[in-house]
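So you can see what is in the structure, the chains are spelled out below.
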Amino acid sequence: MIPPTFAPTSGAGIPGQTRRLARGALLVGLCLVAREAPALETRSVSGPVEVRVELSPDEPVIGDPMILHIEALAEPGVEVLMPAFGEALDRFRIVDFVPRESLTPEGQTLHSQRYTLQSPSSGEHTLPPILLEFVDHRPGQVATPDDLDAYEILTESLPFQIASVVPDSASADLSPPMEPLSLSRGNGVLWQWILGGGFLLALASVFFVRTWRNWSAKAAVRTAWQMADSELQALLSGPLPQGANTSVFFVELSGIVRRYLENRFSVRSPELTTERFLEEVSGSPDLGRPHQLLLQEFLSQCDLVKFAHVVPSPDSVRETIRKARRFVDETRDETETPGSPSVSSSPSSSSSSSSSSSPSSSSESGSPVEGSAP
């Protein structure tokens, strides 16, 4: 059976024709180069069939394309079976393959296969024997042997050498591994200084953060007392309240003390009634029993004025102011030093002589707001 020939299909577009023309030009150039270069060749003859195998160039360099021609010339009436694609060429990479069949002027049939090959490595290689088969259909001839389907022709192998791009002068011996690198003495001392400095810097950072947090906490405590002190000074800068202004004055005075408790002890006092607030304060470990009684007396006097509309006497107003000032000053942080003027500079100066008494004595001497309901 004669293998079919490959022919270009009709109807292809201009780009396809251009690619085929370029490919054909490249193959023609490769063939010209291969024909100009010396080639390796072997011939085999068996009856009416002559086989020629040619490999060019005979001294290829790694990466160069190699052209392999397999040609079988048969007499008329003889059917040649060419090798299957890539048979016996698995050790090479096939770049291109072109089969062809033609008639000579003498009427003989010329079967040919042209491979473009590349080798994956340099060194010694061998093109293995190639097997072809044929059937003799000529009159008076035996078509095939008795025990076979066709006659066989086995070509000779072709040994060849593929040169390397590495020059011959290059040494193939590998150098022994170098000795392990060791840190010099100076570098070791430098790294010790760097590590030591980093450790000290980490310790200093921890100390700085803790100090800053403590200072911030103390600053917040001092700010609570300073805010209350500043508000008291602003409220007491005028004359004592009289008439309708008395209720407004006591609302402001009790608000200052409640905001101070919120900032100083984190007691949410503005949202609580007086009774509920006093219960909350009684469970606080930051306020002792004397200060709790002092706060209770102060808030009770303020509630009488705010809600019972009791009009206090001037002495009762001064007494209430004195209790507010004593509570704020005596419950401040121990590290603080009062920076405000003494109570004697306020309208309650008449009661300044008793500002140094203890909370217990104040509770004993304190009396309900004097006056009468309107």
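Values in this document were obtained by computation on a predicted structure and should not be read as measured data.

Conventions we followed
- Residues numbered from 1 in each chain as written.
- Predicted model: local features only at pLDDT ≥ 70, side-chain atom pairs only at ≥ 80, totals over all residues.
- Heavy atoms only, no water.
- Helix = DSSP H or I, 4+ residues; strand = E, 2+ residues; numbered from the N terminus.
- Buried < 20%, exposed > 50% of the residue type's maximum accessible area, 1.4 Å probe, protein only.
- Contact = heavy atoms within 4.5 Å.
- Areas by Shrake-Rupley, 256 points an atom, 1.4 Å probe, with all protein chains shown as cover.
- Pairing = 2+ DSSP bridges.
- Axes fitted to C-alpha atoms, helices over the stretch in contact; angles between N-to-C directions.
- Expected span 1.5 Å × (residues − 1).
- Phe/Tyr/Trp six-rings, centres within 6.5 Å; stacked < 30°, edge-to-face > 60°.
- Core = buried A, V, L, I, M, F, W, Y, C linked by side-chain atoms within 4.5 Å.
- Parallel < 35°, antiparallel > 145°, perpendicular 65-115°, else oblique.
- Nonpolar A, V, L, I, M, F, W, Y, C, P; charged D, E, K, R; others polar.
- Salt bridge = Lys/Arg side-chain N within 4 Å of Asp/Glu carboxyl O.
- Patch = residues over 30% accessible without salt bridge, like charges linked within 9 Å, V, L, I, M, F, W, Y side chains within 5 Å.

(A) The arrangement of the overall build of the protein chain in detail. The number of helices and strands found in the protein chain is 7 helices and 12 strands. Within the protein chain, the proportion of its 374 residues that are buried is 34%. Relative to all contacts within the protein chain whose residues are 6 or more apart in sequence, the contacts with residues 24 or more apart total 67%. When the accessible surface of the protein chain is totalled, it reaches about 23100 Å², and 58% of it is carbon and sulfur.

(B) Broad picture of the sheet that holds strand E5 (residues 93-103). Spatially, E1-E2-E3-E6-E5 is the arrangement adopted by the 5 strands of the open sheet, whose pairing is antiparallel. Looking at the sheet topology across the chains shown, the edges are occupied by strand E1 (40-46) and E5. Going across the sheet, the axis of each strand differs from the next one's by a mean of 10 degrees, ignoring polarity. Sheet topology note: the strand E2 (residues 49-56)/strand E3 (residues 66-74) ladder contains 8 bridges and is antiparallel. In the sheet register, Glu50 faces E3, and the bridge partner there is Leu73.

(C) Representation of helix H6 (residues 314-330) in the model. The end-to-end C-alpha distance of H6 is 24 Å, a good match for the 24 Å that 17 residues give at a rise of 1.5 Å each. Most of H6 is tucked away: 14 of the 17 residues are buried.

(D) Up close: the packing of aromatic side chains. As enumerated under the stated definition, the model contains 7 aromatic pairs in all. Arranged with centres 5.0 Å apart and planes meeting at 20 degrees, the rings of Phe134 and Tyr151 form a pair that is stacked. On the criterion of sequence distance, the pair formed by Phe134 in strand E8 (residues 131-136) and Tyr151 in strand E9 (residues 151-154) is long-range, its members being 17 residues apart. The partly exposed category is assigned to Tyr151, whose relative accessible area is 25%. Relative to Phe250, the ring of Phe249 lies with its centre 6.0 Å away and its plane at 75 degrees, an arrangement referred to as edge-to-face. With respect to burial, Phe249 and Phe250 carry one shared label: buried. Here the aromatic cluster, defined as three or more aromatic residues joined through ring pairs, consists of Phe85, Phe97 and Tyr115.

(E) Seen up close, the nonpolar core. Counting 28 residues, the largest nonpolar core has Leu261, Leu295 and Phe327 as its most contacted members. Mapped by element, the contributors of at least two residues to this core are helix H2 (185-235), helix H3 (245-265), helix H4 (274-282), helix H5 (289-306) and H6. Excluding anything up to four places from it in sequence, Phe327 contacts Val257, Tyr260, Leu261, Leu287, His291, Leu294 and Leu295.

(F) Quick look at the packing of H4 against H5. Between H4 and H5, the shortest axis-to-axis distance is 11 Å and the interhelical angle comes to 170 degrees. By the angle between their directions, the pair H4 and H5 is classed as roughly antiparallel. Residues Thr274, Phe277, Leu278, Val281 and Ser282 of H4 pack against Gln292, Leu295, Gln296, Leu299 and Asp303 of H5. The residue makeup of the contact of H4 with H5, split by class, is 5 nonpolar, 4 polar and 1 charged.

(G) Local environment of the sheet that holds strand E4 (residues 78-81). Strand order in the open sheet formed by 3 strands is E4-E8-E9, and the pairing between neighbours is antiparallel. In the strand order of this sheet, the two ends are held by E4 and E9, each with one partner. For this sheet, the mean angle separating the axes of adjacent strands, direction not counted, is 25 degrees.

(H) Summary view of unusual backbone geometry. Residue Pro57 follows Ser56 across a cis peptide bond; omega there is -5 degrees. Among the structural elements, Pro57 can be located in the loop between E2 and E3. The phi torsion at Ala88 lies on the positive side, around 70 degrees, for a residue other than glycine. By the element assignment, Ala88 lies in the loop between E4 and E5. On the basis of relative accessibility, which here comes to 29%, the residue Ala88 falls in the partly exposed class.

(I) How the structure looks around the pattern of salt bridges. Per the counting criterion, the structure on display carries 14 salt bridges. Ionic pairing is found between Arg325 and Asp229, a salt bridge with its closest N-O pair at 2.6 Å. Taken together, the residues span a long stretch of sequence, with Arg325 in helix H6 and Asp229 in helix H2 at a distance of 96 residues. Comparing Arg325 with Asp229, the two get one shared label, buried. Two residues, Asp329 and Arg325, come together in a salt bridge whose shortest N-O distance is 3.7 Å.

(J) Molecular detail of a nonpolar patch on the surface. Among the surface-exposed residues, Leu190, Trp191, Ile194 and Leu195 lie close enough to one another that they form a single nonpolar patch of about 450 Å² accessible area. Relative to the helices and strands, Leu190 resides in helix H2.

(K) Quick look at the pairing of E3. Counting buried positions along E3 gives 8 out of 9 residues, so the element sits mostly inside the fold. For E3 and strand E6 (residues 109-118), the ladder comprises 9 bridges, and the chain directions are antiparallel. Directly across from Met66, in E6, lies its bridge partner Leu117.

Purely geometric stuff here, so don't read any function into it on its own.
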